[in-house]
Amino acid sequence: MASSLVFVSRPALSRTDFIAVLQQAAAQGLISKADENSIKTSGQRLVAKFQIEQANHPQLQQAAAEFVDALVAGGSLDYADLCLAAVPAELTNAPQLLLLMDVDSTLIKQEVIELLAAHAGREKEVAAVTEAAMRGELDFAQSLIQRVATLKDLPDTVLAEVGKRIIFSEGAQSLVQRFHAAGHKVGVVSGGFQQILDPLAAQLDLDHALANTLGITDAVLDGTVHGQIVDREMKETMLRAWAEEHQIPLEATIAAGDGANDLAMVAASGLGIAFNAKPALRNEADVRLDFAWLDVIADLVLDDLA
């Protein structure tokens, strides 16, 4: 079966520069021909897909990464100009897909714990711990307990206030709509908080949504997390469980996130995507998406562009 090489430009990259990239890919043997007729548009982005017959997928994936690295090293491109992905045939030929995403700094632009901590006057302190955890320098569960403790004695009304400030990542709604229109499933699993996530999941009509539950006593946050913490291992567990629920093989799953807490689900999925990610995840994922349009994921794996 044939794998696919998919080139997606960021909106600001010109068609001329995009064609030049395809021509260099052809010159280096990545694709057979830089066919301009293969270029489609997705909003302001350019998308070109090429089937690579009888490809060794791991080798193709490595070659694609090295190709982009060389363009960046040569000064003709920035990482934020182009997403190049090797997509396995098992995924593109699957009748149904499962997309699972992280929430904070992936589905949405912010880190919810930091928005909450601002109400307690502890935003800078909590942000520093969050950054270290996402780099993989701290145990996530312990860091979460430490950060949630700073929220103790805040009124639970802050949850609604913070919810109003949430901003979806560019293309988030379009991504979910395109996947659902094609008959696929979309879920999120978050190290954030269920009380914030539930309204977002309802707004997007997500198929699955799981996060941590903040402890609340007498309408006041008690500084604890109730139940099992959604950590790296839990994220992978939910990927496998929801895939099994829908009878979707792991080869037909996609996982996207931005930090070390997403490593396990990204590694277990059929296509793991690092979305504007920390090096701990970016260096391990199948796909590096270094510009802030989440619906590029749909460009990579769906066949819905005119």
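Relevant structure appears above.
Residues numbered from 1 in each chain as written. Predicted model: local features only at pLDDT ≥ 70, side-chain atom pairs only at ≥ 80, totals over all residues. Heavy atoms only, no water.

*Asks:* Where do I start with the sheet that holds strand β6 (residues 185-193) in this structure?
*Replies:* Paired through backbone hydrogen bonds, the strands of a sheet run either parallel or antiparallel to each other. If you walk across this open sheet you meet the seven strands as β8-β7-β6-β5-β9-β10-β11, and the pairing is mixed. At either end of the open sheet lies a strand with only one pairing partner, and these are β8 (220-226) and β11 (287-289). Ignoring which end each strand starts from, the neighbouring axes of this sheet average 25 degrees apart. Relative to strand β7 (residues 208-217), β6 runs parallel, the two being bridged by four bridges. Across the sheet, valine 188 pairs through a bridge with alanine 209, a residue of β7. With respect to the sheet, helix α8 (residues 172-181) is in contact with β5 (98-101), β6 and β9 (253-257), its orientation differing from that of β6 by roughly 145 degrees. Together, β6 and β7 form the strand contacts of helix α9 (residues 194-204), whose direction differs from that of β7 by roughly 140 degrees. (Pairing = 2+ DSSP bridges. Helix = DSSP H or I, 4+ residues; strand = E, 2+ residues; numbered from the N terminus. Axes fitted to C-alpha atoms, helices over the stretch in contact; angles between N-to-C directions. Contact = heavy atoms within 4.5 Å.)

*Asks:* Even after reading the chapter, I still don't get the layout of surface pockets, so can you show me in this structure?
*Replies:* One way to see where empty space is left: roll a probe the size of a water molecule over the atoms. Taken as a whole, the largest pocket holds about 470 Å³ of empty space. Lys49, Thr92, Val301, Leu302 and Asp303 are the residues nearest the centre of the largest pocket, which is lined by 24 residues in total. When residues of the lining of the largest pocket are traced back to their parent elements, those giving at least two are β1 (3-9), β3 (45-52), α3 (89-92) and α13 (296-301). Take the lining of the largest pocket: its biggest share by element is five residues, from β3. Looking at the lining of the largest pocket, its residues break down into 13 nonpolar, six polar and five charged. One number sums up the size of the second largest pocket: a volume of about 260 Å³. Lining the second largest pocket we find 19 residues, and of these Gln61, Ala65, Ala285, Asp286 and Arg288 sit closest to its centre. Looking at the lining of the second largest pocket, the elements with two or more residues in it are α2 (57-73), β4 (82-87) and β11. The element contributing the most residues to the lining of the second largest pocket is α2, with six residues. (1 Å grid on protein atoms, 1.4 Å probe; cavity = no way out; pocket = protein on both sides within 12 Å on 5 of 7 lines; lining within 4 Å. Points joined across faces, edges and corners; volume = space filled by probe spheres on them. Nonpolar A, V, L, I, M, F, W, Y, C, P; charged D, E, K, R; others polar.)

*Asks:* I tried to follow the side chain of arginine 178 on my own but got confused; where do I start?
*Replies:* On the secondary structure map, arginine 178 appears in helix α8. Given a relative accessible area of 13%, arginine 178 falls into the buried group. If we skip the residues at most four places from it in the chain, arginine 178 touches Ser42, Arg45, Asp295, Ala298, Asp299, Leu302, Asp304 and Leu305. (Buried < 20%, exposed > 50% of the residue type's maximum accessible area, 1.4 Å probe, protein only.)

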